[in-house]
Amino acid sequence: DVKVTQSSRYLVKRTGEKVFLECVQDMDHENMFWYRQDPGLGLRLIYFSYDVKMKEKGDIPEGYSVSREKKERFSLILESASTNQTSMYLCASSSGWGTQYFGPGTRLLVL
Amino acid sequence: KQEVTQIPAALSVPEGENLVLNCSFTDSAIYNLQWFRQDPGKGLTSLLLIQSSQREQTSGRLNASLDKSSGRSTLYIAASQPGDSATYLCAVPSGSRLTFGEGTQLTVNP
């Protein structure tokens, strides 16, 4: 079974803090994705990566950066957290054009 | 730009009913379509993936259909159970990316 894990289920941070969200997959997938999910706005793609050290902006990259130093790990970085980044963050991975497999999500609260 | 719409936004049914969830998309040049389930506060679980060459895909009590020409997919759930209560999302690809609908929140009442 494909397993996608995220470093935290719940996280509380203060405005201005640098925040790291980590995602690890165990199926050697080349594609990895970071989404955020908000009521009324649905799932929105922040960044994705199709190979190590490669990244592409999604629909809402502002205020975020990513890092993919190893194939199995994709990190989302909030350089200076703001209250409007309070959200549910979901990581996913896939191989080619196949099924995307999601992690359990991280609920981030920025105070 | 691909847009995905799901109707209805919410649905409440008594246990045992058969039901249909709808998904429509604006750009029919897709190579597959996925249906996901999401329980409250959790991640998404993939239910079915239909390739563009297929018209239907079945898994247990779930049956998904795809009509590319009309830009529509349906998810049929037979003999619904309270454990089916969740939000169901459809998604279509653009390259490696997915565009999601906003989901249908299903409640199955005992």
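See the structure printed just above.
Presented here is an overview of the structure given in this document. None of the values given here were measured: they were computed from a predicted structure. (Residues numbered from 1 in each chain as written. Chains lettered and ligands numbered in written order. Predicted model: local features only at pLDDT ≥ 70, side-chain atom pairs only at ≥ 80, totals over all residues. Heavy atoms only, no water.)

Our focus in this paragraph is the overall build of chain B. On a plain count of helices and strands, chain B comes out with 0 helices and 11 strands. Start at the N end of chain B and walk to the C end: the helices and strands fall as β-β-β-β-β-β-β-β-β-β-β. Whereas a compact globule of 110 residues would reach a radius of gyration of roughly 13 Å, chain B reaches 13 Å, a difference of no more than 12%. Each principal axis of the C-alpha atoms in chain B carries an extent, and together these give about 40 × 25 × 20 Å. By the burial criterion, 42% of the 110 residues in chain B qualify as buried. (Helix = DSSP H or I, 4+ residues; strand = E, 2+ residues; numbered from the N terminus. Rg over C-alpha atoms; globule rule 2.2 N^0.38 Å. Buried < 20%, exposed > 50% of the residue type's maximum accessible area, 1.4 Å probe, protein only.)

Right, let's talk about empty space enclosed by the protein for a bit. The full count for this structure, using the stated rule, is 1 cavity of 30 Å³ or more. Computed from the structure, the largest cavity encloses a volume of approximately 60 Å³. Along the lines of polarity and charge, the residues of the lining of the largest cavity split into 4 nonpolar, 8 polar and 1 charged. (1 Å grid on protein atoms, 1.4 Å probe; cavity = no way out; pocket = protein on both sides within 12 Å on 5 of 7 lines; lining within 4 Å. Points joined across faces, edges and corners; volume = space filled by probe spheres on them. Nonpolar A, V, L, I, M, F, W, Y, C, P; charged D, E, K, R; others polar.)

On to unusual backbone geometry, then. Pro8(B) follows Ile7(B) through a cis peptide bond whose omega is 0 degrees. Not every positive phi belongs to a glycine, and Asp28(A) is a case in point at roughly 60 degrees. As for its position among the elements, Asp28(A) is in the loop between strand 3 (19-25) and strand 4 (31-38). Among the residues examined, Asp28(A) registers a relative accessible area of 54% and is labelled exposed. For Lys53(A), which is not glycine, the phi dihedral falls at a positive 65 degrees. Its place among the elements puts Lys53(A) in the loop between strand 5 (42-49) and strand 6 (56-57).

Okay, the interface of chain A and chain B next. Facing the 25 residues of chain A at the interface are 18 residues of chain B. Where chain A abuts chain B, roughly 1,600 Å² becomes buried across the two surfaces, and 55% of that area is made up of carbon and sulfur atoms. For the chain A face of the interface with chain B, the top three residues by lost area are Leu43(A), Trp97(A) and Phe102(A), together amounting to 32%. On inspection of chain A and its partner chain B, the count reaches 1 salt bridge. Note that Arg97(B) is salt-bridged to Asp59(A), the shortest N-O span being 2.7 Å. Broken down by secondary-structure element, the contributors of at least two residues to the side of chain A that touches chain B are strand 4, strand 5 and strand 9 (87-94) of chain A. A class-by-class count of the residues in the side of chain A that touches chain B yields 11 nonpolar, 10 polar and 4 charged. (Contact = heavy atoms within 4.5 Å. Buried area = accessible area lost by both parts, 1.4 Å probe. Salt bridge = Lys/Arg side-chain N within 4 Å of Asp/Glu carboxyl O.)

Next up on the list: the state of the cysteines. Here is the idea: a disulfide is a covalent bond, and it sits between the sulfur atoms of two cysteines. The tally for this structure, following the rule as stated, stands at 2 disulfides over all chains. Covalently, Cys23(A) is tied to Cys91(A) through a disulfide, its sulfur atoms 1.8 Å apart. Disulfide Cys23(A) to Cys91(A): torsion about the S-S bond roughly -75 degrees, handedness left-handed. You can see Cys23(A) sitting in strand 3 and its partner Cys91(A) sitting in strand 9, a full 68 residues away along the chain. Since its relative accessible area comes to 0%, Cys91(A) is described here as buried. Note that Cys23(B) is cross-linked by a disulfide to Cys90(B), the S-S spacing being 2.0 Å. (Disulfide = S-S within 2.5 Å.)

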